[in-house]
Amino acid sequence: MDTIKNDMANYWSRRAENFSRLRQREFASEKHEQWLAELDRYLPRGRKLDILDIGTGTGFFAFLLAERGHHVTGIDLTPDMIREAKKTAERIGISPDFYSMDGEAPDFPPRSFDAIVTRKLTWALPDLPRTYRNWHRLLKPGGIFINFDADYCREKPLSSLPAHHAHQDVGEELMREYERMKNLLRPTQRPRPEWDAELLALAGFSHITIDPDVWQRVYREKDEFYDPTPGFAISATA
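Remember, it's a predicted structure, so these values are computed and weren't measured experimentally. (Residues numbered from 1 in each chain as written. Predicted model: local features only at pLDDT ≥ 70, side-chain atom pairs only at ≥ 80, totals over all residues. Heavy atoms only, no water.)

Visitor: Which parts of the structure should I look at to understand the packing of aromatic side chains?
Guide: Any two aromatic rings considered together are summarised by their centre-to-centre distance and by the angle between their planes. If you walk through the whole model with that rule in mind, you get 20 aromatic pairs. With a centroid separation of 5.9 Å and an interplanar angle of 65 degrees, the aromatic rings of W123 and Y152 are classed as edge-to-face. On the criterion of sequence distance, the pair formed by W123 in the loop between strand 4 (113-119) and helix 5 (128-138) and Y152 in the loop between strand 5 (139-150) and helix 6 (172-185) is long-range, its members being 29 residues apart. For the ring pair Y132 and F145, a centre distance of 5.6 Å and an interplane angle of 65 degrees mean the geometry is edge-to-face. On the criterion of sequence distance, the pair formed by Y132 in helix 5 and F145 in strand 5 is long-range, its members being 13 residues apart. Residue classification places Y132 among the buried residues on the basis of a relative accessible area of 0%. By relative accessible area, F145 is classed as buried at 0%. Every member of this aromatic cluster is reached through a ring pair, and the members are F27, W35, F60, F61, F63, F98, F148, W215 and Y219. Looking at R23, its charged tip hangs above the ring of F19, at a distance of 4.7 Å from the centre. (Phe/Tyr/Trp six-rings, centres within 6.5 Å; stacked < 30°, edge-to-face > 60°. Helix = DSSP H or I, 4+ residues; strand = E, 2+ residues; numbered from the N terminus. Buried < 20%, exposed > 50% of the residue type's maximum accessible area, 1.4 Å probe, protein only. Lys NZ or Arg CZ within 6 Å of the ring centre and 35° of its normal.)

Visitor: Mind showing me how you'd approach the sheet that holds strand 2 (residues 71-76) here?
Guide: Strand pairing in a sheet relies on backbone hydrogen bonds. The paired strands run either parallel or antiparallel. Across the sheet, seven strands lie side by side as 3-2-1-4-5-7-6; this open sheet has mixed pairing. Because the sheet does not close on itself, it has two edges, and the strands there are strand 3 (97-100) and strand 6 (206-211). Averaged over all adjacent pairs, the angle separating strand axes in this sheet is 15 degrees, with direction ignored. Here four bridges tie strand 6 to strand 7 (residues 231-237), and the two strands are oriented antiparallel to one another. Bridge pairing in strand 7 links S206 to T237. Against the sheet, helix 4 (residues 79-92) makes contact with strand 2 and strand 3, and its axis sits at roughly 165 degrees relative to strand 3, the strand it touches most. (Pairing = 2+ DSSP bridges. Axes fitted to C-alpha atoms, helices over the stretch in contact; angles between N-to-C directions. Contact = heavy atoms within 4.5 Å.)

Visitor: What's the story with the environment of K31 in this structure? I'm lost.
Guide: Locating K31 in the fold gives a position in helix 2 (residues 31-40). Excluding residues that lie within four positions of it along the chain, K31 makes contacts with E26, F60, V218, Y219, D223 and F225. Within the structure, K31 has its side chain in polar contact with the side chain of D223 (distance 3.4 Å). (Polar contact = N/O pair within 3.5 Å; in protein donor to acceptor, adjacent residues only side chain to side chain.)

Visitor: Help me understand the pairing of strand 1 (residues 50-54) in this model?
Guide: For a regular strand, side chains alternate in direction, first toward one face of the sheet and then toward the other. In terms of burial, strand 1 is largely enclosed, as four of its five residues are buried. Bridge count for strand 1 against strand 2 is five bridges, and the pairing is parallel. Paired with L52 across the bridge in strand 2 is T73. Note that the unit made of strand 1, helix 3 (residues 60-67) and strand 2 has a crossover that is right-handed. Examined bridge by bridge, strand 1 and strand 4 share four bridges and lie parallel to one another. Counted as the bridge partner of I51 is A115 from strand 4. (Right-handed = clockwise from strand over helix to strand, strands pointing away.)

If you want it as structure tokens, here you go:
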């Protein structure tokens, strides 16, 4: 399991600069308001929250939520991603707290956060049952967990991608590495998000909801941000 996490960190290190530029363009696009609308479906209204963005990458969700006045901490396994996030924070004048940290076992005291958010991360975690247990401990009673992801280990072959999509600037070597890691992870996972719902219940979460339509709302246009793999949102209460 440590090997696949090391491989993931190396993969994302090689993508960090281009990925950061893509996320900055996304932040300046209509996706800014579209993703805020999706987060607003779940987050409590009327108060400032302590939010943990796990797998923050270069900080897209962290910046959206900090802009709203929440206290946001973003963590990512890949130090190069965190360095890019901090550079963007200086440029745009929004300052979440960023740390390089293993998302499967974040190093914070129990009951530290009102909400945990994550985007396109959990497919890449080799021990999702343990991870969901750890995340449950980090939430305050009644805290909310929001996960936007897809069953990427079972997505269609990348040869079927349209002309414009989020992977269009990823070279062949990195795409082969992406496929290799999916092949390693696939046997460890069951079909999602049904499996996630089972794991969250076992971890102690309640009020678990699945939204299979979020990808159709966010990715209406086949632009440079387009993700053709049908995704889901799953939320749960600690």
